[in-house]
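# Examining the three-dimensional arrangement
Residues per chain, in single letters:
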Amino acid sequence: MRMLAEFFPEFTEKLDEIDELYKEKRKIDEKTYQFICFALSIKARSRPCVLKHFKEALEAGATVEELSYIFALVMREAAGADDCWTHDVLGDWKEIIAGNVKCDCEK
């Protein structure tokens, strides 16, 4: 966001406005919100966001045990989703081996 803030500050200002609007309209408590953000941050592989939402979840009353459970849940669900997606992609593996499926990334 630093580059965007420098070269496209109007965009980052709009994101800040969206954040404020969302905060005003939020229908869940802070701890639940932080749990969701923590989980999404893990899946998105965003180090700053994982750290931020871990800390803010603790401040909202979460325990390290609860956060560990969410961490495990994300890892389990991500593995399942990755497994299903990969099986879908490789479902025609015999056709791939036979050379009947082209990869768009080939040069």
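The structure displayed is predicted, hence computed values, not measured ones.

## With respect to the packing of aromatic side chains
- Summed over all chains, the structure comprises three aromatic pairs.
- Centroid distance Phe38 to Phe54: 6.0 Å. Interplanar angle 50 degrees. Geometry classified as tilted. Of this pair, Phe38 sits in helix α3 (residues 30–44) while Phe54 sits in helix α4 (residues 47–59); the two residues are 16 residues apart in sequence, bridging distant segments of the chain.
- Overall, Phe38 belongs to the buried group, its relative accessible area being 4%.
- On the basis of relative accessible area, Phe54 is assigned to the partly exposed category, the value being 31%.
- The ring of Tyr33 has Arg26 lying over it, and the distance from NZ or CZ to the ring centre is 3.6 Å.

## Here we look at the packing of α3 against helix α5 (residues 64–89)
- Direction vectors running N to C along α3 and α5 enclose 45 degrees, while the axes themselves pass 10 Å from each other. Looking at the two axes, α3 sits oblique to α5. α5 is crossed by α3, and the crossing has right-handed handedness. Residue-level inspection shows Lys31, Phe35, Phe38, Ala39, Ile42 and Lys43 of α3 in contact with α5, the latter providing Glu66, Leu67, Ile70, Phe71, Val74, Met75, Ala78 and Asp82.
- In terms of residue class, the contact of α3 with α5 is built from 10 nonpolar, no polar and four charged.

## Observations regarding a nonpolar patch on the surface
- A grouping of Trp85, Val89, Leu90, Trp93, Ile96, Ile97 and Val101 is seen on the molecular surface, where their side chains present a nonpolar patch of about 730 Å² in accessible area.
- Looking at the nonpolar patch, the elements with two or more residues in it are α5 and α6 (93–97).

## Structural notes on the nonpolar core
- Listed in full, the nine residues of the largest apolar core are Phe35, Phe38, Ala39, Ile42, Ala57, Ala62, Leu67, Ile70 and Val74.
- Among the elements of the structure, α3 and α5 are those that each provide at least two residues to this core.
- Sequence-distant contacts of Phe38, defined by excluding residues within four places in its chain, comprise Val50, His53, Phe54, Leu67, Ile70 and Phe71.

The rules behind the values
- Residues numbered from 1 in each chain as written.
- Predicted model: local features only at pLDDT ≥ 70, side-chain atom pairs only at ≥ 80, totals over all residues.
- Heavy atoms only, no water.
- Phe/Tyr/Trp six-rings, centres within 6.5 Å; stacked < 30°, edge-to-face > 60°.
- Helix = DSSP H or I, 4+ residues; strand = E, 2+ residues; numbered from the N terminus.
- Buried < 20%, exposed > 50% of the residue type's maximum accessible area, 1.4 Å probe, protein only.
- Lys NZ or Arg CZ within 6 Å of the ring centre and 35° of its normal.
- Axes fitted to C-alpha atoms, helices over the stretch in contact; angles between N-to-C directions.
- Parallel < 35°, antiparallel > 145°, perpendicular 65-115°, else oblique.
- Left-handed = near helix turned anticlockwise from the far one by under 90°.
- Contact = heavy atoms within 4.5 Å.
- Nonpolar A, V, L, I, M, F, W, Y, C, P; charged D, E, K, R; others polar.
- Patch = residues over 30% accessible without salt bridge, like charges linked within 9 Å, V, L, I, M, F, W, Y side chains within 5 Å.
- Areas by Shrake-Rupley, 256 points an atom, 1.4 Å probe, with all protein chains shown as cover.
- Salt bridge = Lys/Arg side-chain N within 4 Å of Asp/Glu carboxyl O.
- Core = buried A, V, L, I, M, F, W, Y, C linked by side-chain atoms within 4.5 Å.

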